[in-house]
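Commentary on secondary and tertiary structure
The lines below spell out each chain.
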Amino acid sequence: MEPGTARIAVDLLGGDNAPAVVVDGALRAVRADPDLHLLLVGPTEVADELIAALDPDQRSRITVRPVRAVVGMADHPSAARAESTVRAAVTAVRDGTADALVSAGATGATVTAAVLGLGRWPEIRQPALVATLPAVTGPVVLLDVGGSLEPRPATLARHAVLGAAYAEVAHSIAAPRVGLLSVGTEAGKGDRVRRATDPLLAVEPLPGDARYVGLVEGYDVTLGARADVVVTDGFTGNVLLKAIEGAYAMAGGPPVGGGAPRAAALLGVAGTVVVCHGSARADDVASGIALAAHLWRRHATDLVSALLDGDVATENTDRSTDTEVRT
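What you see is a predicted model, and the numbers here were worked out from it, not measured in a lab.

Right, let's get into the packing of helix 6 (residues 153–171) against helix 7 (residues 192–203). Relative to each other, helix 6 and helix 7 sit at 50°, their axes nearing to 9 Å. Relative to helix 7, the element helix 6 lies oblique. Crossing hand, helix 6 versus helix 7: right-handed. Across from Pro153, Ala154, Leu156, Ala157 and Ala160 in helix 6, the residues of helix 7 making contact are Val193, Arg194, Ala196, Thr197, Leu200 and Leu201. When its residues are assigned to classes, the contact of helix 6 with helix 7 shows nine nonpolar, one polar and one charged.

Below you can see the structure in the form of C-alpha cells.
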C-alpha cells in the first residue's frame, strides 16, 4: 500500500442502497488502510453508526460534517447547486478540509457539483469519467464512461489527451496507445461523430510519448492488444462498461485480476473526485475510497494537469461557476 495520509470526504447518502452500503464500505476502507482519514458527510446518526463499529484508534481518523439533504438519483443535475451531501463534500475538498471525495450518488449531480465547486482545467469544457479495466494484456483506460453523454468531436479529442495522461500517471503506462472506439478499424467507419473525430485525433498532440493508433473495436477494450486508452462518448462507454460487467456474471464471475470497475475518476476538474456506480456494493465503495486515496498519494490531479499541453498546472484552472455541465 502506498504511504501517506489521505483525507477522503465520503458522501454517506449517495447511491441506490445508501447509507447502508456506504457505511459498510467506509468501514472496510478504514480498517484496510491505517493512513486513511475519512470526513463523513451526512446525517449524524448515520455517521455515529459507522464510528461505533470502529476501534478507538480507528475512530480518531474519522470526522463528521452533518448534512441531511441529498440529491436523488432521479433529480436533475442542477439540484447539485443547492445544499446537499455531495455539494458539502466538494466544498470540503475546495476548502482543504479533505484531499479527495467519493460519491455513489447521481453522476450528473456529482459532476455538476465538482465543476461548480472546484472549477475546470483550461480547455476542458466537459470533464470525463475514466475507468480502468483489467484487459488480457494489461490495464486499459476507458473514457468517457458517463460524464459527457453527447460530446462533440473536439471534446472526444481532448478526452484522448486526458486519457493518455491518466494512463501514464495513474498506471505508469509508458507511451500509451490511444484508440477511438468504433464499429470497425478501417478509416471512415462509424457514425458522424466518430468519422469527424478520427482525423482530429490523427493530428492531436498527445502528452509524452503517447500515440494515436486509430479506430478500435469493442473487443479491444477487454483484450488490450491494440490500445492502452480507448476513447468514446459517455453514453457508449457507460453501456459498454455495464455490458462487460454482465458478461462476467454470465461467465461465473470476474477474472482473478478483478472485474469491470464500479468506480471512476473524474478528469478535468481541479480536485480529486471519484464517482462510484449508483448500485455500488460495500466493496465497490471501499474500492472507490482506495482509488481516491491512490490518486491523491500519486499527485495524479497535478501530474495529469501538468502533462496537458506540457505546462498546465492546477493553480491556473478556470474556476467559473456559471455553467452547468451537460450530462
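Let us now look at the sheet that holds strand 2 (residues 36–42). If you trace the eleven strands from one edge of the open sheet to the other, you get 3-2-1-4-11-10-5-6-9-7-8, paired in mixed fashion. What marks the edges here is a single partner per strand, and that holds for strand 3 (62–66) and strand 8 (211–216). The mean inter-strand angle of the sheet, taken between neighbouring strand axes irrespective of direction, is 25°. Sheet topology places strand 5 (residues 128–135) next to strand 10 (residues 263–267); three bridges connect them, and they run antiparallel. If you follow Val130 over to strand 10, its bridge partner there is Ala265. Strands in contact with helix 5 (residues 107–118) are strand 4 (100–103), strand 5, strand 10 and strand 11 (272–276); relative to strand 11, the strand with the most contacts, it is inclined by about 170°. Contacting strand 1 (6–11), strand 2, strand 4, strand 10 and strand 11, helix 10 (residues 282–297) crosses the sheet at an angle of about 160° to strand 11.

Within the largest apolar cluster, 67 residues are counted, with the highest numbers of intra-cluster contacts made by Ile8, Leu38, Tyr166 and Ile289. Of all the elements, helix 6 adds the most residues to this core, at eleven residues. Apart from residues no more than four positions distant in its own chain, Ile8 is found in contact with Leu36, His37, Leu38, Leu39, Ala100, Leu101, Val102, Ile289, Ala292 and Ala293. With 38 residues, the next largest nonpolar core counts Leu39, Ala98, Ala113 and Val269 among its residues.

What the rule picks out here adds up to twelve salt bridges. Note that Arg297 is salt-bridged to Asp33, the shortest N-O span being 2.9 Å. Of this pair, Arg297 sits in helix 10 while Asp33 sits in the loop between helix 1 (20–32) and strand 2, and the two are 264 residues apart along the sequence. Between Arg68 and Glu45 there is a salt bridge, with its nearest N and O atoms 2.7 Å apart. Taken together, the positions of Arg68 in the loop between strand 3 and helix 4 (85–95) and Glu45 in helix 2 (residues 44–52) put the pair 23 residues apart, joining distant regions of the chain. Three or more residues are tied together by salt bridges with common partners; here these are Asp191, Arg194 and Asp233.

What counts and how
- Residues numbered from 1 in each chain as written.
- Predicted model: local features only at pLDDT ≥ 70, side-chain atom pairs only at ≥ 80, totals over all residues.
- Heavy atoms only, no water.
- Axes fitted to C-alpha atoms, helices over the stretch in contact; angles between N-to-C directions.
- Helix = DSSP H or I, 4+ residues; strand = E, 2+ residues; numbered from the N terminus.
- Parallel < 35°, antiparallel > 145°, perpendicular 65-115°, else oblique.
- Left-handed = near helix turned anticlockwise from the far one by under 90°.
- Contact = heavy atoms within 4.5 Å.
- Nonpolar A, V, L, I, M, F, W, Y, C, P; charged D, E, K, R; others polar.
- Pairing = 2+ DSSP bridges.
- Core = buried A, V, L, I, M, F, W, Y, C linked by side-chain atoms within 4.5 Å.
- Buried < 20%, exposed > 50% of the residue type's maximum accessible area, 1.4 Å probe, protein only.
- Salt bridge = Lys/Arg side-chain N within 4 Å of Asp/Glu carboxyl O.

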